[in-house]
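Here is how the chains run, residue by residue.
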Amino acid sequence: MIRQPSSLKDVVENRMCTGCGACAAMAPLFVKMAETEDENRRPIIDQSIGADTEALLLQSCPSVTGEVSTDTSDVGQAWGPIEQIWEGFAVDKTIRFKGSSGGAVTALSLFAIDMLDFGGILHVKASKDNPALNEARLSKSYEELMEGVGSRYAPASVCDSLDLVADATDACVVIGKPCDIAGVNKVAKNDTRVAANLGLTISIFCAGTPSHRGTKALLKHLAPATAAKLESLKYRGDGWPGDMEARWKASNGQIEAHSTSYSDGWGNILQKHRQWRCHTCADHTGEEADISVGDPWQTPIDADNYGKSLIIARTKRGQEFLRRAIAAGYLQAELRDPEILFDAQPNLFAAKGAVWGRSIAILLVGRKALSLRADSFNCWVALPFRAKAQSLVGTFKRVVTKKLYLRKKTNWLKEGYFS
């Protein structure tokens, strides 16, 4: 029997919160998102919240219930709905080079603004006040889009800025991680103003969100020998996949830059700090979006270091939008067989299967867990015996070492943590 959370506090304390901000979008008078030191962005909940509002928030939380693919094929169970899949890149060379892979997300966004008169693009950028933090903002021009080009491997809440979409004069594109898009869709079901202006959703493939401790560990790894103020932090881009680079400004005004490879920054630092919720997520590829975009790791990196993107049209709306963007010259892309995803993203397939085993382990120790998904089970069945066993035994070990059997109390971020 699945033990579903009974309140927003229950979601957070059972480590089921993604930090998407859907709750803050639905009830801004009672909930706001804030940074935490040891995990992610989490909701601060007003104690005067009523039962009816609490019930509405649970309806809008992507961790309570989620959509599951009804496609019973191996591809459908593994990757969700697919109308078409393309491999391509942004025609604009600057977008392509600065993007995390082929720049497809930014190119699609620019097409929406230039050719379809969309009111804006809601996406994540580095915070204006602190480049180690993120914020979601609405971009309406090429220049504003380029401020947010590339991935941000740090906590962000897209949904708590959906008021920008609701107040827009025209349809908007919303870009986010799979959990963000799931939250956006749930908010749209309960907020007619958001629904009216939700022109398109784009999800990026996601292997998990590193916590603020991950950001701090990366900055410590890159830090200059002398004290200086952090000016910028780049996780990817300027080639595929590009280096992770931080820039500091010394008191004399000189800029000092330090970088490390993507494989070092992600593989040896950031991925170790992913929030536990990401380890129990069955959707790493944006199955609920109109379009989802990720790395085609099966494709060798070109000598010129320009990347490509895998672009999945998941809905008819996404399919039509993508075709028009290609026809208009914003994207250069070729159709691919959906089976390519197994070669391109084997780790994400394994992760979806492992989630089923992890969820069983969590339930067996008496904690609440996400609903057991049939598609995740089918992926688990396809895993080698060792991977199946690891999903169960490894989770039991983590339960003990990380004390996951205890409810998690939130510790808010201390002032000056990133100074």
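Structure report, in brief. Note on numbering: residues in each chain are counted from 1, in written sequence order. Local features are withheld for residues below a pLDDT of 70 in this predicted model, meaning they are given only at 70 or higher, and side-chain atom pairs are given and counted only at 80 or more; totals for whole chains, interfaces and linings count all residues. Think of the side-chain values as coming from all heavy atoms in the structure, minus any hydrogens and water.

**Regarding the pairing of strand β10 (residues 255-260)**
- Direction of pairing for strand β9 (residues 244-249) relative to β10: antiparallel, over a ladder of six bridges. Paired with Trp248 across the two strands is Glu256, which belongs to β10. Following DSSP output, two strands are said to pair if at least two bridges run between them. Starting at the N terminus, helices and strands are each numbered in turn, a helix being any DSSP run of H or I of at least four residues and a strand any DSSP run of E of at least two.

**So, the packing of helix α16 (residues 346-364) against helix α17 (residues 374-382)**
- Orientation is described by lines fitted to C-alpha atoms, with helices fitted over the stretch in contact, and by angles between N-to-C directions that extend from 0 to 180 degrees. The contact between α16 and α17 brings their axes to 7 Å, and the two run at 105°. The pairing of α16 with α17 is recorded here as roughly perpendicular in orientation. Within the contact between the two elements, α16 uses Phe349, Lys352, Gly353, Ala354, Val355, Trp356 and Gly357 and α17 uses Asp375, Ser376, Phe377, Cys379, Trp380 and Ala382.
- When its residues are assigned to classes, the contact of α16 with α17 shows eight nonpolar, three polar and two charged. In these notes the angle categories are as follows: under 35 degrees is roughly parallel, over 145 is roughly antiparallel, 65 to 115 is roughly perpendicular, and the rest is oblique. Here, residues are in contact when the closest pair of their heavy atoms is within 4.5 Å. Three residue categories are used. Nonpolar comprises Ala, Val, Leu, Ile, Met, Phe, Trp, Tyr, Cys and Pro, charged comprises Asp, Glu, Lys and Arg, and polar comprises the others, including Gly.

**With respect to the environment of Val173**
- Along the chain, the position of Val173 falls in strand β6 (residues 172-176).
- Sequence separation of Val173 and Leu122 is 51 residues, and the distance between their C-alpha atoms is 6.2 Å.
- Residues contacting Val173, with those up to four places away along its chain left out, are Ala112, Phe118, Gly120, Ile121, Leu122, Leu200 and Ile202.

**Considering the packing of aromatic side chains**
- Only Phe, Tyr and Trp rings are paired, with Trp represented by its six-membered ring, and only when their centres lie within 6.5 Å; those with planes under 30 degrees apart are stacked, over 60 edge-to-face, the remainder tilted. Here the structure, examined in full by the defined rule, presents 15 aromatic pairs.
- The interplanar angle of 40° and the centroid separation of 6.3 Å between the aromatic rings of Trp79 and Phe349 together place this pair among those described as tilted. One end of the pair, Trp79, is in helix α4 (residues 74-79); the other, Phe349, is in helix α16, and 270 residues separate them in sequence.
- Throughout, exposure labels follow a simple rule: accessible area from a 1.4 Å probe, protein chains only, divided by the maximum for the residue type, with under 20% read as buried, over 50% as exposed, and the rest as partly exposed. The exposure class of Trp79 is buried, given its relative accessible area of 1%.
- Consider the rings of Trp356 and Trp380, whose centres lie 5.1 Å apart with planes at 45°: the pair is tilted. Placement of the pair is Trp356 in helix α16 and Trp380 in helix α17, with a sequence separation of 24 residues. You'll find Trp356 and Trp380 in the same group, each marked buried.
- In this structure an aromatic cluster arises from ring pairing among Tyr153, Tyr235, Trp240, Tyr262, Trp266 and Trp297.
- Should the NZ of a Lys or the CZ of an Arg lie within 6 Å of a ring centre and within 35 degrees of the ring normal, that charge is described as sitting over the ring. Geometry around Tyr262 places Arg236 over its ring, the cationic atom sitting 4.8 Å from the centre.
- Between Lys388 and the ring centre of Trp380, over which it is positioned, the NZ or CZ distance is 5.9 Å.

**Focus on the pattern of salt bridges**
- When a carboxyl oxygen of Asp or Glu lies within 4 Å of a side-chain nitrogen of Lys or Arg, that pair is called a salt bridge. A complete count under the given rule lists 21 salt bridges for this structure.
- Across the pair Asp10 and Arg407 runs a salt bridge, and its minimum N-O distance is 2.9 Å. Here Asp10 is found in helix α1 (residues 8-13), whereas its partner Arg407 is found in the segment after α18 (385-401), with 397 residues between them in sequence.
- With a relative accessible area of 4%, Asp10 lands in the buried category.
- Given the relative accessible area of 36%, Arg407 is considered partly exposed.
- Residues joined in a network through salt bridges with shared partners are Lys9, Asp10, Glu13 and Arg407.

**Concerning α17**
- The complete set of buried residues in α17 reads Asp375, Ser376, Cys379 and Trp380. On an axial view of α17, the arc spanned by its buried residues comes to 145°, and they lie on one face.
- On its buried face, α17 sits against α4, α16 and α18. Along the arc lie the directions from the helix axis toward the C-beta atoms.

**Re α18**
- In this analysis, the expected span of each helix is defined as 1.5 Å times one less than the number of residues it contains. Taking 1.5 Å of rise per residue, 17 residues should cover 24 Å, and α18 covers 24 Å from first to last C-alpha, within 8% of that figure.
- At Ser391, α18 shows its largest kink, close to 25°.
- Here the buried face of α18 lies against α13 (276-279), α16 and α17.
- Looking at the residues trailing α18, positive phi occurs at Lys403, about 55°. Note that the bend at a residue is defined as the angle between axes fitted to the seven residues ending at it and the seven residues starting at it.

Without other data, these values stay purely geometric and don't point to any function.
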